[in-house]
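# Structure assessment
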Amino acid sequence: MNSKITFYIVRHGRTLMNTLDRVQGWCDSPLTLEGQEVAKYVGLGMKDIPFRSAYCSTLRRTRQTVDIILKAKGQGNIQPIEIDGFREAGFGSFESGKNLRMWESAAFFLHYKSAEAMYNDVLAGKITFRAILNAVKELDKFNMAESYEQVEQRAQASLRAIAEEEAEKGDANVLVIAHGMSIVAMLMSLGGDKVLKGHLENAAVCKVTYERGEFSVESMNDLSYAERGRLAT
């Protein structure tokens, strides 16, 4: 079939561990009041986009986010489907520790003097998220962290499976709620590397189309939906 599926892939709202600047991969924490509010704004900003279905990861912060978005946009009748492949990257022994410690450790491993210097090179295109996440895996003393390739493979496989299934039903808009690193790993090799500039923010939207078996990343890190919803209240 030549159906067109348009995915709106959203990073979850801000959580308690985000606020405390803690590593949050497979570890989980609830949305803060701020996180709940911005999810509501995203829903209001998407009011004119009818979704046929919705998906999220198996971590509760994405389930909270998708429920709030759907309710705010008047589609609370949709039952989200939880997909394990969309969960965040696992950071092993770094989980729940300070973000700065993990990123500085990766920076030193990659011969940078600071996490800031490493991140500046990411923005300049001199180093990839792949290299950084794989450095974290190498440094994980419990050997529990995931490689970039592992996250990329499971996230892309989940997205493709959904796309193929949805395409059988005809054209549609589909909502997906996932996580910062899992979204990056999922979309960069599909064309996201050409459009992502900077850190993927909480509640940012990535628009991806699927047609004739091919994905096209149209935009990433779009905060205009949240802003539109905020202005509507």
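Residues numbered from 1 in each chain as written. Predicted model: local features only at pLDDT ≥ 70, side-chain atom pairs only at ≥ 80, totals over all residues. Heavy atoms only, no water.

## Digging into the pattern of salt bridges
- Applying the stated criterion across every chain yields a total of 14 salt bridges.
- Between Glu-218 and Lys-207 there is a salt bridge whose closest N-O contact spans 4.0 Å. Taken together, the residues Glu-218 in strand E6 (residues 214-222) and Lys-207 in strand E5 (residues 205-211) connect sequence positions 11 residues apart.
- As a salt-bridge pair, Glu-227 and Arg-230 come within 2.6 Å of each other at their nearest N and O atoms. Of this pair, Glu-227 and Arg-230 both sit in helix H9 (residues 224-232), 3 residues apart, which is roughly one turn of the helix.
- When its relative accessible area of 34% is taken as the criterion, Glu-227 is described as partly exposed.
- For Arg-230, a relative accessible area of 39% corresponds to the partly exposed category. (Salt bridge = Lys/Arg side-chain N within 4 Å of Asp/Glu carboxyl O. Helix = DSSP H or I, 4+ residues; strand = E, 2+ residues; numbered from the N terminus. Buried < 20%, exposed > 50% of the residue type's maximum accessible area, 1.4 Å probe, protein only.)

## As for the nonpolar core
- Counting 49 residues, the largest nonpolar core has Phe-7, Ile-9, Phe-86 and Leu-187 as its most contacted members.
- No other element matches the 7 residues that helix H7 (residues 148-167) contributes to this core.
- The next biggest cluster of nonpolar side chains, apart from the first, holds 20 residues, and it includes Met-46, Ala-54, Cys-56 and Ala-203. (Core = buried A, V, L, I, M, F, W, Y, C linked by side-chain atoms within 4.5 Å.)

## Looking at the confidence of the model for the protein
- With 100% of its residues at a pLDDT of 70 or more, the protein has an overall mean of 97.
- Per-element mean pLDDT across the protein ranges from 95 in helix H5 (residues 115-123) up to 99 in strand E4 (residues 172-178). (pLDDT = per-residue confidence, 0-100.)

## As for the sheet that holds strand E1 (residues 4-11)
- Here we have 6 strands laid out as an open sheet, ordered E3-E2-E4-E1-E5-E6, and mixed in their pairing. Lying at the two open borders of the sheet, with one neighbouring strand each, are strand E3 (81-82) and E6.
- Of the strand pairs in this sheet, E5 and E6 are connected by 6 bridges, and their pairing is antiparallel. Of the residues in E6, the one forming a bridge with Val-205 is Asp-222.
- Against the sheet, H7 engages E1, strand E2 (53-56), E4, E5 and E6, with an angle of about 140° to E1.
- Strands in contact with helix H8 (residues 180-187) are E1, E4, E5 and E6; relative to E1, the strand with the most contacts, it is inclined by about 145°. (Pairing = 2+ DSSP bridges. Contact = heavy atoms within 4.5 Å. Axes fitted to C-alpha atoms, helices over the stretch in contact; angles between N-to-C directions.)

## Here's the deal with the side chain of Asn-221
- Following the sequence through the fold, Asn-221 ends up in strand E6.
- There is a polar contact of 2.9 Å between the side chain of Asn-221 and the backbone oxygen of His-199.
- A distance of 2.9 Å separates the side chain of Asn-221 from the backbone nitrogen of Glu-201, its partner in a polar contact.
- Once you skip the residues sitting within four places of it in the chain, Asn-221 turns out to touch Leu-196, Lys-197, His-199, Leu-200, Glu-201, Ala-204, Val-205 and Cys-206. (Polar contact = N/O pair within 3.5 Å; in protein donor to acceptor, adjacent residues only side chain to side chain.)

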